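Chain by chain, the residues:
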Amino acid sequence: MNILITGAAGFIGSNFTYYELDKHPEDRIVALDLLTYAGNLKNLEGCKKYPQFSFVKMDIRDRDSIYKFFEKENFDIVVNFAAESHVDRSIMDPEVFLSTNVIGTEVLMDACLKYGVKRFHQVSTDEVYGDLPLETKDSFFTEETPLHASSPYSASKAAADLLVNAYNRTYGLNTTISRCSNNYGPYQFPEKLIPLMINNARHDRPLPVYGKGINIRDWLHVYDHCAGIDLVMRKGKNGEVYNIGGHNEKRNIDVVKTILKELDKPESLITYVADRKGHDLRYAIDPSKIERELGWKPVYDFDTGIKETIEWYLDHEEWMNEITSGEYLRYYEEMYKDI
Ligand code: NAD
Ligand code: TYD
C-alpha cells in the first residue's frame, strides 16, 4: 500500500512513521511536513535507512501543490497529523489554527476525492469533547459525547472533525477519525507539559504549574496511540469515530512531582503561575469501542513509560538544545514572563 503521513516531522507523526516502517515493511511511506516551528527533520533521521521511505516539504493548505503531488503519487491511505497543536499558542493567536487545522484538512480531503484515495484518516483529539468535572471520577468521553470544545485549538479540531463527517456523508469519502487523550514519549516539542518540565528540572529552572495543578489529564504513551491509529486506518469502519486512551488519569501536579523524583530534583522548583484561560478541568477517555471492535490494548504502563521517556530526553540533549534556541526562546519568554 501507498501511504501518505502528513505532519510526519512532528511528535506523533514521527513516532507513527517509525511504527509503520517497522510493522509494515511491505508498504511505501511518504512523509509530508511544512516544517513549522514544531516540525523537525531530525525526528525522521532514522527513517532514511528504509528504502520504502521518502519525505516532501509541503503545506497542506497549498491546494495546487497538494493536487499535483496527489496526481503523481496514487495514495491508498492518507493519515492527517498535520496541525497547529498547542493550546497556549492558540490562545495567543488563533488564526493559524483555523487555517491549518480546518482549511488544511479540507484541501487534503478534496485531493483524496479528486485522486481516488481509498481511506482518509483524521487524527483528532479528546479535547473536542470539552472537559469533565473534577469530582465525577466515573464519567468518561465516549464517541457519542457531544462536541463541546473550549479553546481555539480544540474548536479548530472539532470543526475539522465535523467537516470530515460532512465529506463522508455528502461526497462519500471513505473516512475514519480517532480521538486520543494526552500523549507522552520521545520527540515531543518542549512547549508541552512533560518535556517542558523534564527540560526545566534538568537545568534547575522553575517548573511553571498553572493554577493549583489539580487539572487532570489522561496520559497515553505515543507508541500505544500509534498502534491504535494503525488499526483504525486499516481496519476501522467507514465513517466511524474511535476514542483511544488507557485509563491513566493524573493530576498535573502529580506528573510534575514524578518527574522531579525521577530526576532527583527538589519540589522547591515547582512554581505556581496564573491559570490558563478557559483551562479544561479533566479529560478521561472510554476506549471500549476500539478495544472491543479492533482488539486494541495499550502495552505501556505509566511508571515504565515515564521512566523511559525521561531517559530518552536525557540521552537527547543535543536534540533538545537545538529546538530550545531561537523561536522557542522568544515563545518561552513571552509565555512565562512572570517567573
Ligand atoms: P506537533 O505540533 O508536534 O506536530 C504537528 C506537525 O504538523 C509539525 O511537524 C508541523 O510542522 C506540521 N504542520 C503544521 N502545519 C502544517 C501545514 N500547514 N502543512 C503541513 N504540515 C504542517 O503535534 P503532535 O502533538 O504530533 O500532534 C499531531 C496530531 O495529533 C495533531 O493533529 C493533534 O491535534 C493530534 N493529537 C495530539 C495529542 C497530543 O497529546 N500531542 C493528543 C491527541 C491528538
Ligand atoms: P499541555 O501539554 O499543553 O496539553 P493540553 O493542554 O493539550 O492538555 O498541558 C497539559 C496540562 O498541563 C494542562 O492542564 C496545562 C498544564 N500545564 C502547566 O501546568 N504548565 C505548563 O507549563 C504547561 C505547558 C502545561
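Right above here is the structure, for reference.
Residues numbered from 1 in each chain as written. Chains lettered and ligands numbered in written order. Predicted model: local features only at pLDDT ≥ 70, side-chain atom pairs only at ≥ 80, totals over all residues. Heavy atoms only, no water.

(A) Representation of the environment of I103. Its place among the elements puts I103 in helix α4 (residues 95-114). For I103, a relative accessible area of 40% puts it in the partly exposed group. Taking the C-alpha atoms as reference points, I103 and L281, 178 residues apart in sequence, are found 29 Å from one another. (Helix = DSSP H or I, 4+ residues; strand = E, 2+ residues; numbered from the N terminus. Buried < 20%, exposed > 50% of the residue type's maximum accessible area, 1.4 Å probe, protein only.)

(B) Structural context of the site of ligand 2. The environment of ligand 2 is made up of 17 residues, and the closest members are E127, R217, R276, H279 and Y336. R217 places a side-chain nitrogen or oxygen 2.7 Å from an oxygen atom of ligand 2. Within the complex, 97% of the 510 Å² of free accessible area of ligand 2 lies under protein. Within the residue set of the shell around ligand 2, elements represented by two or more residues are α6 (193-202) and β8 (207-210). (Near = heavy atom within 4 Å. Polar contact = N/O pair within 3.5 Å; in protein donor to acceptor, adjacent residues only side chain to side chain. Areas by Shrake-Rupley, 256 points an atom, 1.4 Å probe, with all protein chains shown as cover.)

(C) Here's a closer look at the packing of aromatic side chains. Applying the stated criterion to the full structure yields 22 aromatic pairs. Pairing Y332 with Y336 gives two aromatic rings, centres 4.6 Å apart and planes at 35°, and the pair type is tilted. For the pair Y332 and Y336, a shared accessibility class is recorded, and that class is buried. Joined through ring pairs, the aromatic side chains of Y18, Y187, W312, Y313 and W319 make up one cluster. Residue placement shows R89 over the ring face of Y331; its charged tip is 4.2 Å from the ring centre. (Phe/Tyr/Trp six-rings, centres within 6.5 Å; stacked < 30°, edge-to-face > 60°. Lys NZ or Arg CZ within 6 Å of the ring centre and 35° of its normal.)

(D) Here's a closer look at the site of ligand 1. If you check the shell around ligand 1, you find 30 residues, and the closest are I12, D33, S85, Y153 and K157. With respect to ligand 1, the backbone of F11 contributes an N or O atom lying 3.0 Å from an oxygen atom. Between ligand 1 and Y153, the relevant distance is 2.6 Å, taken from an oxygen atom to a side-chain nitrogen or oxygen of the residue. In isolation ligand 1 offers 830 Å² of accessible surface; the protein chains occlude 97% of this area.

(E) Here's a closer look at the pairing of strand β1 (residues 2-6). A large share of β1 lies buried, amounting to five of its five residues. Residues N2, L4 and T6 point to one face of β1 and I3 and I5 to the other, with burial holding for every one of them. Direction of pairing for β1 relative to strand β2 (residues 28-33): parallel, over a ladder of five bridges. Bridged to L4 within β2 is V30. A crossover links β1 with its parallel partner β2, the connecting element being helix α1 (residues 11-23), and its sense is right-handed. Sheet topology places β1 next to strand β4 (residues 77-80); four bridges connect them, and they run parallel. (Pairing = 2+ DSSP bridges. Right-handed = clockwise from strand over helix to strand, strands pointing away.)

(F) Spotlight on empty space enclosed by the protein. Taken as a whole and assessed by the stated rule, the structure comprises one cavity of 30 Å³ or more. The space that makes up the largest cavity amounts to roughly 60 Å³. Every residue along the wall of the largest cavity is listed here: V87, E127, S150, S151, R217, R276, K277, G278, H279, D280 and Y283. Of the residues in the lining of the largest cavity, the class split is two nonpolar, four polar and five charged. (1 Å grid on protein atoms, 1.4 Å probe; cavity = no way out; pocket = protein on both sides within 12 Å on 5 of 7 lines; lining within 4 Å. Points joined across faces, edges and corners; volume = space filled by probe spheres on them. Nonpolar A, V, L, I, M, F, W, Y, C, P; charged D, E, K, R; others polar.)

(G) Looking closely at the sheet that holds strand β3 (residues 53-57). Pairing is parallel across the open sheet formed by seven strands, whose spatial order is β3-β2-β1-β4-β5-β6-β10. With partners counted over all chains shown, the strands left at the sheet margins are β3 and β10 (240-244), one partner each. The sheet shows a mean angle of 20° between the axes of neighbouring strands, direction not considered. Where β4 lies against strand β5 (residues 119-125), four bridges are found, and the strand directions are parallel. Its bridge partner being in β5, N80 is matched across the sheet by Q122. Strand contacts of helix α2 (residues 63-73): β1, β2, β3 and β4, with the helix running at about 175° to β2, the strand carrying the most contacts. Lying over the sheet, helix α5 (residues 152-171) contacts β5 and β6 (175-180), oriented at roughly 155° with respect to β5. (Axes fitted to C-alpha atoms, helices over the stretch in contact; angles between N-to-C directions. Contact = heavy atoms within 4.5 Å.)

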